[in-house]
Amino acid sequence: MCKCGVCGTKIVKTFTKKAYHGGVVVVRCDGCESDHLIADNLGWFSSKPTNIEEICQQKGNTVIKVEASQAVNQALREVKFVGAKETTTIQNDYERR
């Protein structure tokens, strides 16, 4: 989970460890549709392999890694639903997986 540097929308996307550590990961913001580089281990966008941890460190920002279930639970807490029944249904559906 991260926040878009362009529009401020929180971005929650999933990707595999294999892609993050050995491939290229680009995510698109749902708010402004900007693309954000998360990992480039193949040197497609820079001269040497890099990832979001290194990019944030260079900018003086901090990265905190969380498991996918933690990110989903955080996102569910922040989303406002019309009724509690909808929230419970979504949480229960996720927990069954």
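As a reminder, the structure under discussion sits directly above these lines.
Residues numbered from 1 in each chain as written. Predicted model: local features only at pLDDT ≥ 70, side-chain atom pairs only at ≥ 80, totals over all residues. Heavy atoms only, no water.

1. A closer look at the pattern of salt bridges
Side chains carrying opposite charge are able to pair once their charged atoms draw close together.
And then number 1: Scanning all chains against the criterion turns up 2 salt bridges.
And then number 2: Between lysine 13 and aspartate 30 there is a salt bridge, with the nearest N and O atoms lying 3.2 Å from each other. Here lysine 13, found in the loop between strand E2 (10-11) and helix H1 (17-22), pairs with aspartate 30, found in the loop between strand E3 (24-28) and strand E4 (35-40); they are 17 residues apart in sequence, far enough to count as distant.
And then number 3: Classification of lysine 13 as partly exposed rests on a relative accessible area of 33%. (Salt bridge = Lys/Arg side-chain N within 4 Å of Asp/Glu carboxyl O. Helix = DSSP H or I, 4+ residues; strand = E, 2+ residues; numbered from the N terminus. Buried < 20%, exposed > 50% of the residue type's maximum accessible area, 1.4 Å probe, protein only.)

2. Looking at a nonpolar patch on the surface
And then number 1: Taken together, the side chains of Val26, Leu42, Trp44 and Phe45 define a hydrophobic patch exposed on the protein surface, amounting to about 470 Å² of accessible area.
And then number 2: Relative to the helices and strands, valine 26 is located in strand E3. (Patch = residues over 30% accessible without salt bridge, like charges linked within 9 Å, V, L, I, M, F, W, Y side chains within 5 Å. Areas by Shrake-Rupley, 256 points an atom, 1.4 Å probe, with all protein chains shown as cover.)

3. A short note on the pairing of E4
And then number 1: Both E3 and E4 contribute to a ladder of 5 bridges, which runs antiparallel. Residue pairing for E4: valine 26 is matched across the bridge by leucine 37.
And then number 2: If you look at the hairpin formed by E3 and E4, you'll find 6 residues sitting between the two strands, and glutamate 33 has a positive phi there, around 65°.
And then number 3: Strand direction decides the pairing type here: E4 and strand E5 (residues 50-51), joined by 2 bridges, are antiparallel. Of the residues in E5, the one forming a bridge with alanine 39 is asparagine 51. (Pairing = 2+ DSSP bridges.)

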